[in-house]
Amino acid sequence: MKFHNLYSFFKGTALLCGVVLFPLSCTSVTQNRGGEVQCWLTKGDESVKLQLQSPARFVNTSNSFQNIEIDASQKFQYVDGFGYTLTGGSVEVINRLSPSKRKALLHELFGTDKNSISVSYLRLSIGASDLDGEVFSYDDLPEGQTDASLSKFSLSKDKALIAMLKEILTINPKIKIIATPWSAPVWMKDNGKSKGGSLKPEFYGVYADYFVKYIQEMKKEGIAIDAVTPQNEPLHPGNNPSLYMSSEMQGEFIKKHLGPAFKANHIKTKIVVYDHNCNKPEYVLHILKDPEAYQYIDGSAFHLYEGDISALSTVHNAFPEKNLYFTEQWTGSKGTFNEDLNWHTKNVIIGSMRNWSKTALEWNLANDPEYGPHTPGGCTECKGAITVSDSENFTRNVSYYIIAHASKFIPAGSQRIASTQTKSLSTVAFMTQFGKIVLIVQNDHKEDENFNIKFAGKTAAVTIPGHSAATYIF
């Protein structure tokens, strides 16, 4: 993890998203687009959290409000999903819950019924991340030994994670998974340590086989890995574990080793490059400009601890046929609900999607009240979507609501469509496979904002409170 230069914002009042002109009950959205607009609201002051509001209704009359126009004829990328990283630490603390509480939480997170937030995408670490209780790889050896045949490869350290994944897959068999290593086994590295260092060139081929073995062994457990990145935050070797991998190194690894190894073993798992901050889109461009590497690459992944989210569009404009993924953003112990809700909704959810991402993922799913577990030297301030305090109690934190405003309403396979924005209102819109339109709006202004949702010649007048996030469905 890398620390964030943070944000600003907030206040919030008690206005509902629905319009006073139409005092209708909070019923389910109608299939008729001339009908109701369902609204779910979260306010920065925490007085309302993902609550259904009184609905608005499309009418033929006009008013003087600003317009957010939805154009379903302009279609963009399809969505793979919204979610979190299921760290080893997340598994550890969720498993501290009583069996009934644990089961209820997993269904709330991953179920597809009205009481769930329908998380549809997970990120895993290949070996330990810094939010595991200890550092490990799948082929750890005594100092001085090597294992070029990977005869000692074992997923045993992730036994609990694999068991939880199997349970999640029974709840949502369609969930997609991207996996990434924080470090190669230390015997493959030039410094022989879990922190920093680089992959020795003589072990590039063995490391490619390590990825193959991981995917094959997970498949034996019934877990399909949809995509991998060669390295988490390859330009940040100060974490524990971590590994430095320049764009030249990553390009070489993919074109000469990882890509051919996947091809030889008939592995369909996607290769996604970079997996680091928006300040270095040139890292991606450098690799994609190499035709040998290009043929094996599905797309690129980004975080936003530095740079601007528009970097994704920079890459898209250069290589529009390659996919984009937003794979990590943390909320921290020093952040406020106000700041995080609004900044993340604007940048991670709306921003990544408006800049062609297929996913929007927050960082760790769960932690304890002391922001653990973590490795020695790992992140000590990373706040999960859930804090587990004891066997019967857990708290839903801000990133729970950030993701829920999208995951609950926008299933995988939905397609982004055009929506306008205003000075204060950030927006993104989608068409689901079921023909519903979903609009996410974030109010950057401290005051309430009146606006019209304008679609197909009709308008629905709504009010969004200051410094709030709302999801509208019609």
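Just above, that's the structure.
Residues numbered from 1 in each chain as written. Predicted model: local features only at pLDDT ≥ 70, side-chain atom pairs only at ≥ 80, totals over all residues. Heavy atoms only, no water.

As for the state of the cysteines
In protein structure, a disulfide is the covalent linkage between the sulfur atoms of two cysteines.
So, step 1. Within this structure, the stated rule accounts for 1 disulfide.
So, step 2. The disulfide that involves C379 links it to C382, with 2.1 Å between the sulfurs. Between C379 and C382, the disulfide has an S-S torsion of 100° and is therefore right-handed.
So, step 3. Judged by its relative accessible area of 1%, C382 is buried.
So, step 4. C278 forms no disulfide, and the closest cysteine sulfur to it belongs to C382, at a distance of 18 Å. (Disulfide = S-S within 2.5 Å. Buried < 20%, exposed > 50% of the residue type's maximum accessible area, 1.4 Å probe, protein only.)

Things to note about the nonpolar core
So, step 1. Core analysis: the largest hydrophobic core is formed by 111 residues, its most contacted members being F110, L124, M188, Y214 and I225.
So, step 2. If one sorts the elements of this core by residue count, helix α4 (residues 204-220) sits on top with 10 residues.
So, step 3. Excluding residues that lie within four positions of it along the chain, M188 makes contacts with L150, S198, L199, K200, F203, V206, Y207 and Y210.
So, step 4. Counting residues in each nonpolar core, the second largest holds 24 residues, with V37, A56, I70 and A429 among its members. (Core = buried A, V, L, I, M, F, W, Y, C linked by side-chain atoms within 4.5 Å. Helix = DSSP H or I, 4+ residues; strand = E, 2+ residues; numbered from the N terminus. Contact = heavy atoms within 4.5 Å.)

Some points on the environment of E92
So, step 1. Note on placement: E92 falls in helix α1 (residues 88-94).
So, step 2. A relative accessible area of 36% places E92 in the partly exposed class.

Here we look at the packing of aromatic side chains
So, step 1. Per the stated rule, a full pass over the model turns up 22 aromatic pairs.
So, step 2. Judged by centre distance (6.1 Å) and plane angle (45°), the ring pair of Y294 and F319 falls under tilted. Of this pair, Y294 sits in helix α7 (residues 291-294) while F319 sits in the loop between α8 (311-318) and β11 (323-328), and the two are 25 residues apart along the sequence.
So, step 3. A relative accessible area of 24% means that Y294 is categorised as partly exposed.
So, step 4. The class for F319 is buried, based on a relative accessible area of 13%.
So, step 5. Both rings, one in F451 and one in Y472, keep their centres 5.9 Å apart while their planes meet at 85°; by these two values the pair is edge-to-face. Of this pair, F451 sits in strand β21 (residues 449-455) while Y472 sits in strand β23 (residues 468-473); the two residues are 21 residues apart in sequence, bridging distant segments of the chain.
So, step 6. Of the residues examined, F451 reaches a relative accessible area of 0% and is grouped as buried. (Phe/Tyr/Trp six-rings, centres within 6.5 Å; stacked < 30°, edge-to-face > 60°.)

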